[in-house]
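# Fold and contact review
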Amino acid sequence: SPFTLTGGTYTGGTATTTFASNVTIGSGGTFTAATTTEFTQLDTTLDVNVSQTFENVVLNKDSIRRVTIASGDTMIVVGTLRFNTGAINAGTIEARGNVIKSSTLSGSAVIIFSGSSASGLANQTFDLTGATASVDGDITINKTEGRVDLLSALVMNAANQDLNVATGTFDL
């Protein structure tokens, strides 16, 4: 069933919080993510008040299911973002840790690598082993320190798809 937080406080703690349906976090609530947040089963919409920080995020969706980040919203992932199955469409993912994508289902979310020693990792990895052509959104490197190491091939073949190295290093 859907999760909606419009007031009060949700604290995930050290366990894994699993969402199988839509997630709405309004401006009146305080959401502190669990150590790991898992999205499973059905298509899911993540609608937050501009941005929401998560520790580690795992996608274990059915093979054709996606998480859609609402327009104008950003999912910030401080730890590891792992796509086992499924994809993320629309919106923005700000990855401050490593990104591992083994799911071959394409997703159109923008991915911004911005990790630093103060928030996430200064040196991040981007691993698309087995899913080299499954990122259809723009990719931006915007790091004040460190680099992003590509650990696999990367095929960028979506219409109008861009790779932008604004600051920092993208190591092929």
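## Description of the overall build of the chain
A count of helices and strands for the chain gives 0 helices and 19 strands. In terms of overall size, the chain behaves like a compact globule, its C-alpha atoms giving a radius of gyration of 15 Å where 172 residues would be expected to give roughly 16 Å. Overall, the C-alpha framework of the chain stretches about 45 × 35 × 30 Å when taken along its three principal axes. Expressed as a percentage of the 172 residues in the chain, the buried residues total 47%. A sequence separation of at least 24 residues applies to 36% of the contacts in the chain between residues at least 6 apart. For the chain, the computed accessible surface area is about 7500 Å², with 46% contributed by carbon and sulfur atoms. Across the chain, the 8 positively charged side chains and the 14 negatively charged ones have centroids separated by 4 Å.

## Considering the nonpolar core
If you look at the biggest cluster of nonpolar residues, it comprises 34 residues, and the most contacted ones within it are Met75, Ile88, Phe113 and Phe126. The element that contributes the greatest number of residues to this core is strand β18 (residues 139-150), accounting for 4 residues. With near-sequence residues (within four places) excluded, Ile88 lies in contact with Leu59, Val67, Ile69, Met75, Phe83, Ile93, Gly107, Ser108 and Ala109.

## Focus: the pairing of strand β17 (residues 124-127)
Two strands pair when backbone bridges link them, and strand β15 (residues 99-101) and β17 are joined in this way by 2 bridges, in the parallel orientation. What sits directly across from Ile100, in β17, is Asp127. Pairing of β17 with β18 involves 3 bridges; the strand directions are parallel. Within the sheet, the bridge partner assigned to Phe126 lies in β18 and is Leu150.

## Considerations on the side chain of Gln124
Locating Gln124 in the fold gives a position in strand β17. Other than its neighbours up to four places away in sequence, Gln124 contacts Ala95, Arg96, Gly97, Asn98, Phe113, Ser114, Gly115, Lys143, Arg147, Val148 and Asp149.

## Overview of the sheet that holds strand β10 (residues 66-69)
The strand order across the open sheet built from 5 strands is β1-β4-β7-β10-β13, with neighbouring strands paired in parallel fashion. Strands with a single pairing partner mark the edges of an open sheet, and in this sheet they are β1 (3-5) and β13 (87-89). Here the average twist between neighbouring strands, direction ignored, is 15°. Note that strand β7 (residues 44-48) and β10 share 3 bridges and pair parallel. Looking across to β10, one finds that Thr44 is bridged to Val67.

## What about the environment of Gly130?
As for its placement among the helices and strands, Gly130 is situated in the loop between β17 and β18. The spacing of Gly130 and Gly7 is 123 residues in sequence and 42 Å in space, taken between C-alpha atoms. Residues within four places of Gly130 in sequence aside, it is in contact with Ser102 and Thr104.

What counts, and at which threshold
- Note on numbering: residues in each chain are counted from 1, in written sequence order.
- In keeping with the predicted nature of the model, local features appear solely for residues at pLDDT of at least 70, side-chain atom pairs appear and are counted solely at 80 or more, and the whole-chain, interface and lining totals rest on all residues.
- Note: side-chain values were computed over all heavy atoms of the structure, leaving out hydrogens and water.
- A run of H or I in DSSP becomes a helix once it reaches four residues, and a run of E becomes a strand once it reaches two; helices and strands are each numbered from the N terminus.
- What the globule rule says is 2.2 Å times the number of residues to the power 0.38, and the radius of gyration is computed from C-alpha atoms.
- Relative accessibility thresholds used throughout: buried, under 20% of the residue-type maximum; exposed, over 50%; partly exposed, between the two (1.4 Å probe, protein chains only).
- We call two residues contacting when some pair of their heavy atoms lies within 4.5 Å.
- Here, Shrake-Rupley sampling with a 1.4 Å probe gives the accessible areas, and only protein chains in the shown set may cover a residue.
- For the purpose of counting charges, residues Lys and Arg are taken to be positive, whereas Asp and Glu are taken to be negative. His and the chain ends are not included.
- Every charge is mapped to an atom, namely NZ of Lys, CZ of Arg, CG of Asp or CD of Glu.
- Buried residues of nine kinds, namely Ala, Val, Leu, Ile, Met, Phe, Trp, Tyr and Cys, make up a nonpolar core once their side-chain atoms join them within 4.5 Å.
- A pair of strands is treated as paired once DSSP finds two or more bridges between them.
- For helices, the fitted axis covers only the stretch in contact; all axes are lines through C-alpha atoms, and the angles between them, taken along N-to-C directions, range from 0 to 180 degrees.

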